[in-house]
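Architecture and fold: a report
Residue strings, one per chain:
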Amino acid sequence: MASSFILPSFQIFPTTRQPHPSPSATAFRILPSSSSSSLTVSKSAETKTHNLNASGYYSGCVDQISKLCEDGRLGDAISIFNQMKEDGIQIGHDIYGEILQGFVYQRSLFGGKQIHAQIIKNGSSFSENEFLHTKLVIFYAKCDVRVAADYLFSSLPSKNVFSWAAMIGFYVRKGLNEECLLSFSGMLDSGVLPDNFVIPNALKACSSLQSLQCGRMIHGYIVKLGYGSCVFVASSLVDMYGKCGELGCARLVFDEIPEKNAVAWNSMLVGYFQNGENEEALRLFYQMRVESDVEPSRVTIASFLSASANLASLSEGKQGHAIAVRLGLPLDSILGSGLVNFYAKCSCIVDAELVFDLMLDRDVVAWNLLISGYIQDGHIEDSLDLCRRMQLENFRPDSVTLASILSACADCGDLRHGLEGHGYCFRNNLELDVFVASSIIDMYGKCGRIEDARKAFDCTMQRDVVLWNTLIAAYSESGCSGEALKLFYQMQLAGLLPNVVSWNAVILGFLRNGQVTEAKDFFMQMQSIGTAPNSVTWTTLISGLAQNGHGSDAFDHFEKMQAAGLKPNAMVIVGLLMAATALSLVQPGKQIHAYIARHGLAVSPWIMTSLVDMYAKCGSVNLARKVFDVSSVNDLPLYNAMISGYALHGKAVEALSLFNQMQLEGNKPDAITFTSILSACSHAGFFDEGQRIFKEMSSIHNIQPRIEHFGCVVDILSRRKKIYESLPYISSILNEIDGPIIGSLLAACRDQNDAEIGEALFKILLELEPSNSGNYIVLSNMYAASDRWHEATKIRNIMRINGLRKNPGCSWIHVGGPISRSIRLSTHETGRIGNSSPVVSYRLFHELPVTCAEDRGALPGDQDILTVGSKSSKSSMEKGHQAPFTVHHASGGNFLGDINTLVDLSFYNSAAHRPIPVSRENISHGRNNKRTTRRGFVANADFAWLRPIRT
């Protein structure tokens, strides 16, 4: 039979094999036509039909079938349809159209194909009918049968708005956004005007393609035809502008909507939180509650919860939850997933579990959100258990699930579970997914298996920029900056242009490897080719410069970052505080503190912990305590920083008090806490307290002592001259013992003139630290203190033969202004520094002990200044060390202000364990010392702040 819309070879069924129809699809039976070629009705039947039509029976059946199909009672509609055929009533186009619409409602492909077959058998009057032809296009488009829909649509002689709408809707639904816009353009070219159902689909395609230009063109068309007042079209415009990042335009369109419905409010709300404007999203929600009678829907509440989660605003999110409960909204996949995500991101994992268990229908998204919540909260084992439970409940982990699990394994260095995840990906062909492949590479890289990361990369066939960046980052984090740079250029040879993430990864590799100059050059090259640094770039550079001892450069780049209009995040602030700490300059630290206060950053526990650490290490322990007291969150890291600060300054009583307070408030001490508190006991000579805390560490707190804890105990015993009692502790860590622990015992042997044990310890030190000149000097001084000058001279000669020399001490003075004006102290009495202006000398070397003598009645011991010379030249050696220790003040003009002076005390107290008297309170910790300070004393500290000195 010839027909304009019959598929070739009667292929109204898809070419692929279809599954057997479900019971719901075959619960009814459609009677076949009475003729194989056409429907023939007897003359008497025609007369009967005419009479029935006249009586309104036929129209009543049509109305009844239409109502049943709309109500979803398709089986009853088919029963009437079959009864009419049994009664010999000729079925018209309208009834076939209603039945087809019923199959569209239920997306029943099998039943719709039977109706299509009967339409073809009824002849050309049916098969060529434009109404039925359009209905079939709509049916196949709605059932996602593209081959049949495309063929029928292309063979349609006259395409109307309904057939165009069906195809455009199909293309959008299947993600074929280019075809959608092409069809929209073809619709306009054919002279058919799109209606308010077609336009939203075209705008949705623009959103998916991020095609703002096309969206603006459609907006112009909307204004031209007067659709702007239609809330459905306007809501689609708001959604399009929001997803294209044009929030200003979205808000203008939103404000012009005369009567906003829930969809309009939701579109604007989603636009705000998707673009990171979470505060605006919350304000809009409150505006909706106050100014509108529209009740929030599940999508509204879910969007509000997402914004609250991004802001970690627990109270606001709970209000949204309460509104959902009051409105009686069902806890389905949309609202339930939103609540799980909110509570998980706010670290309320127990509440997230409760919501998850109460959800009516859990989908894979909900499972993934809870798994991600466990991972963010550090419960890796719980996330793995939930993944197993997910499989037991017949949910198959997807690429998002595996990526989350692999990322968790990467962050905690759990190679065993990472290998299990990789195995699951391999068995289920998930490793072909680029997202999963990136997670696998990242996992191997962070677990130290860089070779396996490279193998995973080589096995991936489709490599995008993200995959390349992941491998570059893996090499960079491992310190392999050369290989990272090589991959950076190989990616470009493969035809992929690096993005800002690529540049950031290479800069990180340079900084991890200590190549500061290369990192700065690469940063300048990045800017020269037009790639704008983002916040991650600045964070990486500033933190890396601070960690590599380039604090001044870190502050310089911070100023450049502000000039570029970027706001620093918490990591940048932490990096700057680290730079101030490394420079031992409290004034820049105070400036950063002021910046933190002005911009409301004091809520970050990282920043507050870094502030306490900075003030303590820069000598202002009282300011550190003030910051600690005003902090809103006193968590364990903050306590550790404050206890460490007290230990650093020799304030053991305060450290012990804070240690007890921490436990009373429910914070359990960790290994870092015990290191600090034992160090405080060591510096203060609290032998009994140190022994008790060391025992309680394992017996009460179940923390196994590590080498640093044993080192503190050994130091305590050494200070109490209990060298022999410390030997059992040494034997406990013999396989892990390090130089500083043996050095403490060696210094104790020097104080007790125990040359026998000192020599044995020195032999161990030679194996551990053969190039440490300080060990030679301690042994030499020990021999000199025992009048064994021959051995002392021999040690000094060995040093000269091996090319070892004690690094000379140095000190700095910082005069008011920028950090770059720091001036190094000299042991010359007067002179110039380079081409600087004349300097005035201050003799501090004599002033420090004299002032302390008044306070403490103590002076440095003779052994602190011993050196090698003739046996009879001890007094002359002491005289030789009387060279004044000078501080230079650059006097380029009349200067009035404080001079912060940093003195390297190790210059004249090499490895000494006796306190050096100092008359100032503000003492800061040096890089190489393990002792801390008390007021008026520096117990083997390398640096001391002496301020203020008024000029």
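Residue indices follow the written sequence of each chain, beginning from 1 at its first position. Local features in this predicted model are restricted to residues whose pLDDT is 70 or higher, and side-chain atom pairs enter the listing and the counts only when it is 80 or higher, whereas totals over whole chains, interfaces and linings include all residues. Heavy atoms from the whole structure form the basis of all side-chain values; hydrogens and water molecules are not counted.

Quick word on the overall build of the protein
Strands are runs of DSSP state E lasting at least 2 residues, helices are runs of H or I lasting at least 4, and numbering of each runs from the N terminus. Counting its secondary structure elements, the protein contains 48 helices and nine strands. Every one of the 951 residues in the protein was classed for burial, and the buried ones make up 50%. Only the protein chains shown count as covering a residue, and every accessible area follows the Shrake-Rupley method with a 1.4 Å probe. About 44500 Å² of surface is accessible on the protein, with carbon and sulfur atoms providing 53% of the total. Per-residue accessibility, obtained with a 1.4 Å probe over protein chains only, is compared with the maximum for each type, and a residue is labelled buried under 20%, exposed over 50%, and partly exposed between these values.

Section: the pattern of salt bridges
Salt bridges are counted wherever a side-chain nitrogen of Lys or Arg sits within 4 Å of a carboxyl oxygen of Asp or Glu. The full count for this structure, using the stated rule, is 24 salt bridges. Between Asp150 and Arg146 there is a salt bridge, and its shortest N-O distance comes to 3.1 Å. Highlighted residues: Asp150 and Arg146, both in helix 8 (residues 146-154), separated by four residues, approximately one helical turn. We classify Arg146 as partly exposed; its relative accessible area is 33%. With its nearest N and O atoms 3.5 Å apart, the salt bridge here joins Asp613 to Lys617. Of this pair, Asp613 and Lys617 both sit in helix 35 (residues 605-617), separated by four residues, roughly a single helical turn. With relative accessibility at 23%, the residue Asp613 sits in the partly exposed group. Overlapping salt bridges bring together Asp357, Arg362, Arg389 and Glu393 as one network.

Comments concerning the packing of aromatic side chains
By convention, a stacked pair of Phe, Tyr or Trp rings (six-membered ring in the case of Trp) has centres within 6.5 Å and planes under 30 degrees apart, an edge-to-face pair has planes over 60 apart, and any other such pair is tilted. One pass over the structure, following the stated rule, counts 23 aromatic pairs. Between Phe488 and Tyr489 the ring centres are 5.5 Å apart and the planes differ by 75°, which places this aromatic pair in the edge-to-face class. We classify Phe488 as buried; its relative accessible area is 1%. Ring centres of Phe523 and Trp538 lie 5.1 Å apart, and the angle between their planes is 70°; this geometry places the pair in the edge-to-face category. Pair noted here: Phe523 is in helix 30 (residues 516-528) and Trp538 is in helix 31 (residues 535-547), with a separation of 15 residues, a long-range link. Trp538 matches Phe523 in its accessibility class, with the two residues each being buried. Taken together, Phe488, Tyr489, Trp503, Phe510 and Phe522 form an aromatic cluster joined through their ring pairs. In this analysis the charged atom, NZ for Lys or CZ for Arg, is taken to sit over a ring once it is within 6 Å of the ring centre and within 35 degrees of the ring normal. When the ring centre of Phe356 is taken as reference, the NZ or CZ atom of Arg362 above it lies at 4.7 Å.

Some remarks on the side chain of Asp195
Mapping Asp195 onto the fold places it in the loop between helix 10 (177-189) and helix 11 (198-209). Buried Asp195, no salt bridge; nearest opposite-charge side chain is Lys142, N-O distance 11 Å. Here Val198 takes part through its backbone nitrogen, which lies 3.0 Å from a polar atom of the side chain of Asp195. Should any heavy atoms of two residues lie within 4.5 Å, those residues are considered in contact. Excluding anything up to four places from it in sequence, Asp195 contacts Val161 and Tyr227. Neither His nor the chain ends is counted toward charge; the positive residues are Lys and Arg and the negative residues Asp and Glu. Two N or O atoms form a polar contact when they lie within 3.5 Å of each other; inside protein one atom must be a possible hydrogen donor and the other a possible acceptor, and for residues adjacent in sequence the pair counts only when both atoms belong to side chains.

Some remarks on the side chain of Thr300
Residue position: Thr300 is located in helix 17 (residues 298-310). Taking relative accessible area as the criterion, Thr300 reaches 0% and is therefore assigned buried.

A closer look at the environment of Tyr241
Within the fold, Tyr241 resides in helix 13 (residues 231-243). Using a relative accessible area of 3% as the deciding quantity, one classes Tyr241 as buried. Distance from Tyr241 to Gly215, taken between C-alpha atoms, is 7.9 Å for residues 26 residues apart in sequence.

A few points about unusual backbone geometry
The phi dihedral of Gln210 falls on the positive side, at around 55°, and the residue is not glycine. Mapping Gln210 onto the fold places it in the loop between helix 11 and helix 12 (212-225).

A look at the confidence of the model for the protein
As a per-residue quantity, pLDDT reports the predictor's confidence and falls between 0 and 100. Mean pLDDT over the protein: 75, with 74% of residues reaching 70 or higher. Every residue in residues 1-28 scores below 50 in pLDDT, and together they form 46 contacts with partners more than four places removed in sequence or on other chains. Within the model, the stretch residues 901-951 combines pLDDT values under 50 with 192 contacts to residues more than four positions away or in other chains.

Topic: the packing of helix 19 (residues 333-345) against helix 20 (residues 349-358)
Convention adopted: a line fitted to C-alpha atoms gives each axis, helices being fitted over their contacting stretch, and angles between N-to-C directions are expressed from 0 to 180 degrees. Axis separation between helix 19 and helix 20 bottoms out at 7 Å; the angle between their running directions is 165°. Taken together, the axes of helix 19 and helix 20 are roughly antiparallel relative to one another. The chirality of how helix 19 crosses helix 20 is left-handed. Contact residues: Gly336, Leu339, Val340, Tyr343 and Ala344 in helix 19; Ile349, Asp351, Ala352, Val355 and Phe356 in helix 20. Polar here means any residue outside two lists: the nonpolar Ala, Val, Leu, Ile, Met, Phe, Trp, Tyr, Cys and Pro, and the charged Asp, Glu, Lys and Arg; Gly therefore counts as polar. Across the contact of helix 19 with helix 20, the residue classes tally to eight nonpolar, one polar and one charged. Oblique is the label for any angle not under 35 degrees, not over 145, and not in the 65 to 115 range, which are roughly parallel, roughly antiparallel and roughly perpendicular in turn. Note: crossing handedness is left-handed where the near helix turns anticlockwise from the far helix by less than a right angle, and right-handed where it turns clockwise.

Quick look at the state of the cysteines
When the sulfur atoms of two cysteines come within 2.5 Å, that pair is taken as a disulfide. This structure, assessed with the given rule, holds zero disulfides. Counting only cysteine sulfurs, Cys346 is the nearest neighbor of Cys348, a cysteine outside any disulfide, at a range of 5.9 Å.

Focus on the nonpolar core
Core analysis: the largest hydrophobic core is formed by 225 residues, its most contacted members being Met84, Ile95, Ile99, Tyr140 and Ile677. Every residue in contact with Met84, bar those within four places of it in the chain, is listed here: Tyr58, Cys61, Ile65, Ile89, Ile91 and Ile95. We define a nonpolar core as any set of buried Ala, Val, Leu, Ile, Met, Phe, Trp, Tyr and Cys residues linked to one another through side-chain atoms lying within 4.5 Å. With 13 residues, the next largest nonpolar core counts Cys749, Tyr776, Met799 and Leu804 among its residues.

Side note on the environment of Gln287
Its place among the elements puts Gln287 in helix 16 (residues 278-291). By relative accessible area, which is 23% here, Gln287 ends up partly exposed. When the C-alpha atoms of Gln287 and Trp265 are compared, they prove to be 9.9 Å apart, with 22 residues separating the residues in sequence. If sequence neighbours within four positions are ignored, Gln287 has contacts with Arg251, Trp265 and Ser292.

Things to note about helix 46 (residues 789-801)
Each α-helix winds once per 3.6 residues, and so residues spaced three or four apart point in a common direction. Take the number of residues in a helix, subtract one, and multiply by 1.5 Å to get its expected span. Taking 1.5 Å per residue, 13 residues should reach 18 Å; helix 46 reaches 18 Å between its end C-alpha atoms and fits that length. When we look at burial in helix 46, the residues that qualify are Trp789, Ala792, Ile795, Arg796 and Met799. Along the long axis of helix 46, the arc covered by the buried residues comes to 125°, so they all point the same way. For helix 46, the exposed residues lying more than 90 degrees away from the buried face are His790, Lys794 and Ile801. At the C-terminal side of helix 46, Gly803 shows a positive phi close to 70°. Along the arc lie the directions from the helix axis toward the C-beta atoms.

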